[in-house]
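Structural overview for review
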Amino acid sequence: MSRKFSDNGIDGDDERDEEEEDSEEDGEEEEDEYEPRLKYQRMGGSVQSLLSSDAATCIAVAERMVALGTYSGAVHILDFLGNQVKEFAAHTAAVNDLCFDTEGEYIGSCSDDGSVIINSLFTNERMKFEYHRPMKAVALDPDYARKSSRRFVTGGLAGNLYLNAKKWMGYRDQVLHSGEGPIHAVKWRSSLIAWANDAGVKVYDAANDQRITFIERPRGSPRPELLVPHIVWQDDSLLVIGWGTSVKIASIKTNQNKGVNGSYKYITMSSLNQVDIVASFQTSYFISGIAPFGDSLVVLAYIPAEEDGEKEFSSTIPSRQGNAQRPEVRVVTWKNDELATDALPVHGFEHYKAKDYSLAHAPFSGSSYAGGQWAAGDEPLYYIVSPKDVIIAKPRDTEDHINWLLQHGWHEKALEAVEANQGRSELVDEVGSRYLDHLIVERKYGEAASLCPKLLRGSASAWERWVFHFAHLRQLPVLVPYIPTENPRLRDTAYEVALVALTTNPSFHKDLVTTVKSWPPGIYSTSPVISAIESQLNTSSMTDHLKEALAELYVLDGQHDKAFALYADLMKPDLFDFIEKHNLHDAVCEKVVQLMMVDSKRAIPLLIQHRDLIHPPEVVSQLMAAKTVCDHRYLLHLYLHSLFEVNPHAGRDYHDIQVELYAEYDPKMMLPFLRSSQHYTLEKAYDICVKRDLLTEQVFILGRMGNAKQALAVIINRVGDIKEAIEFVSMQHDDELWDELIKQCLNKPEMVGVLLEHTVGNLDPLYIVNMLPNGLKIPRLRDRLVKIVTDYRTETSLRHGCNDILKADCVNLLVKYYKEAKRAICLSEDVDQARSKRNEQRASHLGERVMSMKSMEVKSKTRGGGRCCICFDPFSLQNVSIIAFFCCHAYHTTCLMESTISIGGDKKETGVSSKGINSYYEFDNGIDDEDDDDDDDDEDASSGTPRMRCILCTTAAG
């Protein structure tokens, strides 16, 4: 909000009403509540008479004087009160720029007449330099008066930046830069020269004779000749640039070191100067001038009208329409945060353009600036120049600050200002007391309460007195935030009265929550406050904040279940942590909907994990009843889905509903659910899938219903995937389905081709070919027939190979079985212990075989018949060794041994009879026992036990 001036010393509209101006300069009542940073006054003295017949164009400020340039080409030297000290009729055209040296002994000026003139202020020395083109900027060497080189830089519309210096043969110009448009501004600080042209801002180091950096012109800015750029050195290293609507602050770290006698010595340029843009921002106004203000900036702002564009700058002739706005002085930070805005009542502002204004500031040391204030005598001065006005602005001091606060009734801030300046304690107490009484009388209870911590400080009795006084006035809630809880600590009654007072009005319920959370629980009793709130539970005055406060009090009182019920109704985000912290799972059953609405991702695992306490029917019923408060179907879907994943049978009563929910919210999970569940109605599920056009699910349900033909029709006609159809038919194992598949594909040649390719192994391709109508064109038929034949040959080859392997396996197994069947079974009581240990695992099987042989009735004597096949005596297992074979023949051991020896004696000579016997033992029915495939044979061979064979079977085989 722009501010007009009252106590700043100026205000007014224009020169058409002098009496109104005078009254406005005396001051008006402040319209704005924001305190200004600057105070203003018009420069008096000779200024008004000088500008009555001329117009100001530029200004320069030195330590002891001010120079003012005009349209007529004159340069007026003024003191700080505006009195003319000296005048130079320097130029024949408008003065464009002025510059003092550091000592304030010389003033340089440049003009549209193409000349640069440097005048001595204390002697008659005068130097004039002709450049024959309008010159727009000039800057003297800061040490111009002390150095014999008499250097200065200047530039103008010719586009050349000249560095002029005194040589042996006179003054010589050196062109520092050219070719990038007119030179619009130039500033010299220390050894650094900064200038602006159409391309941007450049910085040159005069000590090293080297250019340092280039800062590009902001994009979208008006042409420089329409709105000139403004550059100013804040100190030796900070360059402030204001151009159009852009502000940039560049930090330049030079590589110079201080030498003896204050001179500078420079390091070699191998380490280049470093330039950083430390701040940059855009404004909503045009910049007519810029200057530093401590750690902030002072910007002279020109507010363009809505229709203003570049046409606003198209002419330098003042507009006669009179629609321009007042120029504004804005104090902003380097981040473009506005600290103050003042609208200036400049004479004739309605007719001026942005380039008609300029801003200059007196040199000052920023080191004297601290905490927003300058030391006395070090305040900077700012000069705002318009064609008919010069306004001086300077920072407001402490006295101005306090007076302004008092005038606006801000006693508290005035008190703070007094305390900050270490005023007398009596004065502080007096101001504070008067202010507190004033606020009570004016019924400004809030402000009075805010002052109590300062005024009452550490007095417990004073605090208690004011607590009960505010309670008597029914204004205690405004004091509660300031009541101390320690240093000093009041009586319990004071805190309880304060809390109960906050429960009486809904507008204070939020403060009650904050107070209950912030106050230590041991300083008051919760019972009176709980009773006061519980009486309002079912009334219209009950609010969410009051519920939250009651819940906090329940927690302090240990009633966690009641606190949970209130937190659930309020849907607090930390509700789940509260449940876990206080183990309130049994209290959750009535607050399912609230938990799901707060955080379904945390609520669902909680409900499922504790489903023994929170039964699924209760959850479902509460969610179904919450139609008006939430998306109950989606929450129900999430819950049932998670429940099904944990236990597919826990929610079986709701699987029909779950089918609808999957179809609505998660169709991708429909098919896995249909396959996993057995508790839904197929007809309802099918109707839902048809309604939602879920084809794969329709196929599955139709297959489950036994309607395979309809399922096949859906795959072929709706899905259009013949491969899926073939897979479906293969899984059904129904030959009629193959016929149905072929019939439904006959009118789809492409499907017929795919069918021919993928039925090898399931269906004879010739069968399909025979069913095809004549003349049916099948795409890529030749390639597909070749593939069918190739696949058929491959399948036939695989079958033959499998048959050969099967036959070989059968022969090998028969041989193994035959060898196993030739073994004898010893039935003697005295079994060799070593053999018994080796055959421990087979003992039970041998016993079963013996018992089955004992119970076997054999009708032929050649099969044993329970008798020895040699002596035909019946077997007795007591004290007799018996040998039985798998061919069901059995012998007494003695009879078998004798027969074996006799057979061996008949076949072989006497000298080799024993060898014949051993040979008989070692071979089974003519088959070499060297076959090591049988592990038991290996064991017998290794143990040295002779292997016997059945006499009858061996004789028959021979």
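Calculation rules
- Residues numbered from 1 in each chain as written.
- Predicted model: local features only at pLDDT ≥ 70, side-chain atom pairs only at ≥ 80, totals over all residues.
- Heavy atoms only, no water.
- Helix = DSSP H or I, 4+ residues; strand = E, 2+ residues; numbered from the N terminus.
- Buried < 20%, exposed > 50% of the residue type's maximum accessible area, 1.4 Å probe, protein only.
- Contact = heavy atoms within 4.5 Å.
- Areas by Shrake-Rupley, 256 points an atom, 1.4 Å probe, with all protein chains shown as cover.
- Pairing = 2+ DSSP bridges.
- Axes fitted to C-alpha atoms, helices over the stretch in contact; angles between N-to-C directions.
- Parallel < 35°, antiparallel > 145°, perpendicular 65-115°, else oblique.
- Nonpolar A, V, L, I, M, F, W, Y, C, P; charged D, E, K, R; others polar.
- Phe/Tyr/Trp six-rings, centres within 6.5 Å; stacked < 30°, edge-to-face > 60°.
- Patch = residues over 30% accessible without salt bridge, like charges linked within 9 Å, V, L, I, M, F, W, Y side chains within 5 Å.
- Salt bridge = Lys/Arg side-chain N within 4 Å of Asp/Glu carboxyl O.
- pLDDT = per-residue confidence, 0-100.

Overview of the overall build of the protein chain
Along its length, the protein chain carries 34 helices and 35 strands. Buried positions account for 45% of the 958 residues belonging to the protein chain. When contacts within the protein chain are restricted to residue pairs at least 6 apart in sequence, those whose partners lie at least 24 apart make up 54%. Total accessible area on the protein chain stands at roughly 49,600 Å², and carbon and sulfur atoms take up 49% of it.

Some details on the sheet that holds strand S24 (residues 286-293)
What the four strands build is an open sheet, ordered S24-S25-S26-S27; its pairing is antiparallel. In this open sheet, the two strands that pair with only one neighbour each are S24 and strand S27 (338-343). With direction set aside, neighbouring strand axes in the sheet form an average angle of 20°. When strand S25 (residues 296-302) meets strand S26 (residues 328-332), the two strands line up antiparallel, connected through five bridges. In the sheet register, Ala301 faces S26, and the bridge partner there is Glu328.

Section: the sheet that holds strand S20 (residues 246-253)
By definition, the strands of a sheet pair up through backbone hydrogen bonds, in either a parallel or an antiparallel sense. Ordered by their spatial adjacency, four strands build an open sheet running S18-S19-S20-S23, and the pairing between neighbours is antiparallel. Each end of this open sheet is capped by a strand with a single partner; those strands are strand S18 (230-233) and strand S23 (274-282). The average undirected angle you get between the axes of adjacent strands in this sheet is 15°. Bridge count for S20 against S23 is eight bridges, and the pairing is antiparallel. Bridged to Lys248 within S23 is Ser280.

Digging into helix H23 (residues 708-719)
Quick reminder: α-helices carry 3.6 residues per turn. Residues three or four places apart thus point the same way. All of the buried residues in H23 are Ala708, Ala711, Leu712, Val714, Ile715 and Ile716. Gly720 occupies a position one or two residues after H23 and carries a positive phi of about 70°.

Some words on the packing of helix H14 (residues 575-582) against helix H16 (residues 600-609)
Direction vectors running N to C along H14 and H16 enclose 30°, while the axes themselves pass 10 Å from each other. Judged on the interaxial angle alone, H16 and H14 are roughly parallel. Packed against H14, whose contacting residues are Phe576, Asp577, Ile579 and Glu580, the element H16 presents Arg602, Ala603 and Leu606 at the interface. Split by residue class, the contact of H14 with H16 holds four nonpolar, no polar and three charged.

Observations concerning the packing of aromatic side chains
This model, assessed by the stated rule, comprises 15 aromatic pairs. Centroid distance Tyr495 to Trp519: 5.1 Å. Interplanar angle 75°. Geometry classified as edge-to-face. Taken together, the residues span a long stretch of sequence, with Tyr495 in helix H9 (residues 492-502) and Trp519 in the loop between helix H10 (509-518) and helix H11 (526-534) at a distance of 24 residues. When its relative accessible area of 7% is taken as the criterion, Trp519 is described as buried. Three or more aromatic residues joined by ring pairs form one cluster here, namely Phe644, Tyr662, Phe673 and Tyr680.

Some details on the pairing of strand S15 (residues 192-196)
Remark: a regular strand shows side chains that alternate across the two faces of the sheet. Extensive coverage of S15 is indicated by the burial of five of its five residues. Where strand S14 (residues 185-189) and S15 come together, five bridges link them in antiparallel fashion. Within S15, the position partnered with Ala185 by the bridge is Ala196. The hairpin turn running from S14 into S15, its antiparallel successor, is two residues long, and Ser190 in that turn takes a positive phi close to 55°.

Points about the pairing of strand S6 (residues 95-100)
Among the six residues of S6, five are classified as buried, and the element is accordingly described as predominantly covered. Sheet analysis places S6 next to strand S7 (residues 106-111), joined by five bridges and oriented antiparallel. Bridged to Phe100 within S7 is Ile107. Taken together, S6 and the strand that follows it, S7, pair antiparallel across an intervening segment of five residues, in which Gly104 is found at a positive phi of about 70°.

Looking at a nonpolar patch on the surface
A contiguous nonpolar surface patch, about 240 Å² in accessible area, is contributed by Met571, Met597 and Val629. Within the secondary structure layout, Val629 lies in the loop between helix H17 (616-624) and helix H18 (632-646).

Some points on the pattern of salt bridges
All chains considered together, the criterion is met by 18 salt bridges. Close ionic contact of Asp112 with Lys136 constitutes a salt bridge, the shortest N to O distance being 3.0 Å. Note that Asp112 is positioned in the loop between S7 and strand S8 (115-120) and Lys136 in strand S10 (residues 135-140), a separation of 24 residues in sequence. What makes Lys136 partly exposed here is its relative accessible area of 26%. With a shortest N-O distance of 2.9 Å, Glu548 and Lys572 are connected by a salt bridge.

Description of the confidence of the model for the protein chain
Across the protein chain, pLDDT averages 79, with 76% of residues at or above 70. Taken as a whole, residues 11-31 scores under 50 in pLDDT and shows 44 contacts with residues more than four places along the chain or in a different chain. Contacts from residues 258-272, a stretch scored under 50 in pLDDT, to residues over four places away or in other chains number 24 contacts.

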